Amino acid sequence: MDKFSGQKRAVQHLYPPLDPFDQRMMEVGGGHTIYVEQCGNPDGIPVIVLHGGPGGGCSPTMRRYFDPRVYRVVLFDQRGCGRSRPHASVINNTTWDLVADIEQIREDLGVEKFIVFGGSWGATLALIYAETHPRHVSNLVLRGVFMMTQAELDWFYGGGAGLFWPEPWARFSDLIPEEERHDMIGAYHKRLFSNDLRIETQYAKAWSAWENALASVYSSGSGGDAPGEYARAFARLENHYFTNAGFLDFDGQILAHVDRIAHIPGVIVQGRYDMICPPERAWQLANAWPNAELRMIRNAGHALSEPGISAELVKIMDQLTGR
């Protein structure tokens, strides 16, 4: 889960725009080729950025949270989205495929340990990667924690968030016949994978608009109209992962395995008024993780682009360099 609304409000806190010094298409198996880029200092501290969604892709703004003189910043578009190919494909596209992709990136780039930086679904993936490969993670910097539990999915797609945002919820739910609304993820799945491009795009835009409407604490409730190609990849991949409960072995797995990362320092940045990923999960994670610090941001929602969240993330990354 992740959207990018209102980034202009946050740019004052970011480093200046920069271009990658390396761009490549990496074959990762299963018919997938992923886009990978590096920017900043080629000899700097390695940090890998995990975008949200699943299906959100990376944006140039994500490069700007890191001092380019100090950090070697690695960004990639996860399977099926952004510049990776095939576009919007869910075949051979699971959490464990993405974990393997991160490992391939690390090995191909000759990195021993990464700082792992991720928000929303990117925080989910960061935690799963760290719990699977803890010796290759030096620090975790997380934002808008989502732990892929049924309770979180029920909150967002079962009407909980809709109690606070009834107008966008109505736009989202009214597209589904009343007898199917008890399972909105399942109902949208039928339409997002209908093999009719017009129907898939229509419902993908509605899926994306519901999430985007709630991303920022400054939102008016309008989710906008995302480009059809972007919306289709974003919605299909999110729905695919949520239908399969993130491909985890059991509900609550991430928190149950937090002992595996107990030694890894972590900082969690959480918007107090995050309507997509409520703060309770971040609080639970911080309480269970001895080396984690929770920084709750007043007057902030979910989006990476919230000014308070952007400022805190830049501050954290500067602090990790000793500045």
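Quantities reported herein were computed from a predicted structural model and do not represent experimental measurements.

Colleague: Would you mind going over the sheet that holds strand S7 (residues 266–271) in detail, with residue names and values included?
Modeller: Neighbouring strands of a sheet are bound in pairs by backbone hydrogen bonds; such pairs are parallel or else antiparallel. Taken in spatial order, the eight strands make up an open sheet running S1-S2-S4-S3-S5-S6-S7-S8, and their pairing is mixed. The sheet is open, and its two borders are formed by strand S1 (22–29) and strand S8 (292–297), each paired with just one other strand. Pairs of neighbouring strands in the sheet enclose a mean axial angle of 20°, with direction left out of account. The sheet contact formed by strand S3 (residues 45–50) and strand S5 (residues 114–119) spans four bridges and is parallel. Paired with Val47 across the strands is Ile115, a residue of S5.

Colleague: Hey, could you go over the pairing of strand S2 (residues 32–40) for me, with residue numbers and the actual values?
Modeller: Here S2 lies mainly inside the structure; seven of its nine residues are buried. With seven bridges joining them, S1 and S2 adopt antiparallel strand pairing. Looking across to S2, one finds that Gln23 is bridged to Glu37. The hairpin formed by S1 and S2 contains two residues between the paired strands, and Gly30 there has a positive phi angle of roughly 65°.

Colleague: I'd like a description of the confidence of the model for the protein chain, backed by residues and values.
Modeller: Note: predicted coordinates in regions of low pLDDT should not be interpreted at a detailed level. A residue-level look at the protein chain finds 97% of positions with pLDDT of 70 or above and a mean pLDDT of 96. Note that pLDDT drops below 50 for residues 3–8; the model gives that stretch 23 contacts with residues more than four away or on any other chain.

Colleague: So what's going on with the pairing of strand S4 (residues 71–76)? Which residues, and what values?
Modeller: Most of S4 is tucked away: six of the six residues are buried. Here S4 shows no split at all, with Tyr71, Val73 and Leu75 on one side and Arg72, Val74 and Phe76 on the other all buried. With five bridges connecting them, S2 and S4 associate as antiparallel partners. In the strand pairing of S4, Cys39 is matched with Val73.

Colleague: Could you give me a rundown of the state of the cysteines, with the residues and numbers involved?
Modeller: Applying the stated rule across the entire model yields zero disulfides. Sulfur of Cys277: no disulfide; nearest cysteine sulfur belongs to Cys81 and is 17 Å away.

Colleague: How would you sum up the packing of helix H5 (residues 184–192) against helix H7 (residues 228–243)? Please name residues and give values.
Modeller: Across the interface, H5 lies against H7 with an axial gap of 10 Å and an inter-helix angle of 135°. Considering their axes alone, H5 and H7 lie oblique with respect to each other. Crossing geometry of H5 relative to H7 is assigned as left-handed. Residues Ile185, Tyr188, His189 and Leu192 of H5 form the contact with H7, whose participating residues are Ala235, Arg236, Asn239, Phe242 and Thr243. Taken together, the residues of the contact of H5 with H7 sort by class into five nonpolar, three polar and one charged.

Colleague: Run through helix H1 (residues 95–109), naming residues and quoting values.
Modeller: With 15 residues, H1 ought to run about 21 Å at 1.5 Å a step, and its terminal C-alpha atoms sit 21 Å apart, in line with that. Positioned one or two residues after H1, Gly110 has a phi angle of 70°, which is positive.

Colleague: If you had to explain the pattern of salt bridges to someone new, which residues and values would you point to?
Modeller: What the rule picks out here adds up to 17 salt bridges. A salt bridge links Arg281 to Glu152, with the shortest nitrogen-to-oxygen separation between them at 3.8 Å. Of this pair, Arg281 sits in helix H9 (residues 280–288) while Glu152 sits in helix H3 (residues 150–157), placing them 129 residues apart in sequence.

Colleague: Tell me about the packing of aromatic side chains, residues and numbers included.
Modeller: A complete count under the given rule lists 20 aromatic pairs for this structure. Ring geometry for Tyr157 versus Phe172: centroids 6.2 Å apart, planes at 50°, classification tilted. Taken together, the residues span a long stretch of sequence, with Tyr157 in helix H3 and Phe172 in helix H4 (residues 166–173) at a distance of 15 residues. Judged by its relative accessible area of 4%, Tyr157 falls in the buried class. Note on Phe172 and Trp207: the rings are 6.1 Å apart at their centroids and 65° apart in plane angle, and the pair reads as edge-to-face. Separated by 35 residues along the polypeptide, Phe172 in helix H4 and Trp207 in helix H6 (residues 197–213) bring together distant segments of the chain.

Colleague: Got a sec to walk through the packing of H4 against H6? Specific residues and values, please.
Modeller: Between H4 and H6, the shortest axis-to-axis distance is 9 Å and the interhelical angle comes to 165°. By the angle between their axes, H4 is roughly antiparallel relative to H6. In this structure, the crossing between H4 and H6 has a hand that is left-handed. Judged by residue contacts, Pro168, Trp169 and Phe172 of H4 engage Ala206, Trp207, Trp210 and Ala213 from H6.

Colleague: Describe the nonpolar core, with residues and values.
Modeller: Membership of the largest hydrophobic core comes to 74 residues, with the highest contact counts inside it found for Leu140, Leu142, Trp207 and Trp289. The greatest single-element share of this core, amounting to eight residues, is contributed by helix H2 (residues 121–132). When near neighbours in sequence (up to four residues on either side) are disregarded, Leu140 contacts Val116, Ala126, Leu127, Ala130, Ile261, Ile264, Pro265, Gly266, Val267 and Trp289. Listed in part, the 26 residues of the second largest apolar core include Cys58, Phe66, Val267 and Ile316.

Colleague: Tell me about H9, and please be specific about residues and values.
Modeller: Within H9, the full set of buried residues consists of Arg281, Ala282, Leu285 and Ala286. Along the axis of H9, the buried positions cluster into a sector of 135°, meaning they face one direction only.

Basis of the calculations
- Residues numbered from 1 in each chain as written.
- Predicted model: local features only at pLDDT ≥ 70, side-chain atom pairs only at ≥ 80, totals over all residues.
- Heavy atoms only, no water.
- Pairing = 2+ DSSP bridges.
- Helix = DSSP H or I, 4+ residues; strand = E, 2+ residues; numbered from the N terminus.
- Axes fitted to C-alpha atoms, helices over the stretch in contact; angles between N-to-C directions.
- Buried < 20%, exposed > 50% of the residue type's maximum accessible area, 1.4 Å probe, protein only.
- pLDDT = per-residue confidence, 0-100.
- Contact = heavy atoms within 4.5 Å.
- Disulfide = S-S within 2.5 Å.
- Parallel < 35°, antiparallel > 145°, perpendicular 65-115°, else oblique.
- Left-handed = near helix turned anticlockwise from the far one by under 90°.
- Nonpolar A, V, L, I, M, F, W, Y, C, P; charged D, E, K, R; others polar.
- Expected span 1.5 Å × (residues − 1).
- Salt bridge = Lys/Arg side-chain N within 4 Å of Asp/Glu carboxyl O.
- Phe/Tyr/Trp six-rings, centres within 6.5 Å; stacked < 30°, edge-to-face > 60°.
- Core = buried A, V, L, I, M, F, W, Y, C linked by side-chain atoms within 4.5 Å.
- Arc of directions from axis to C-beta.

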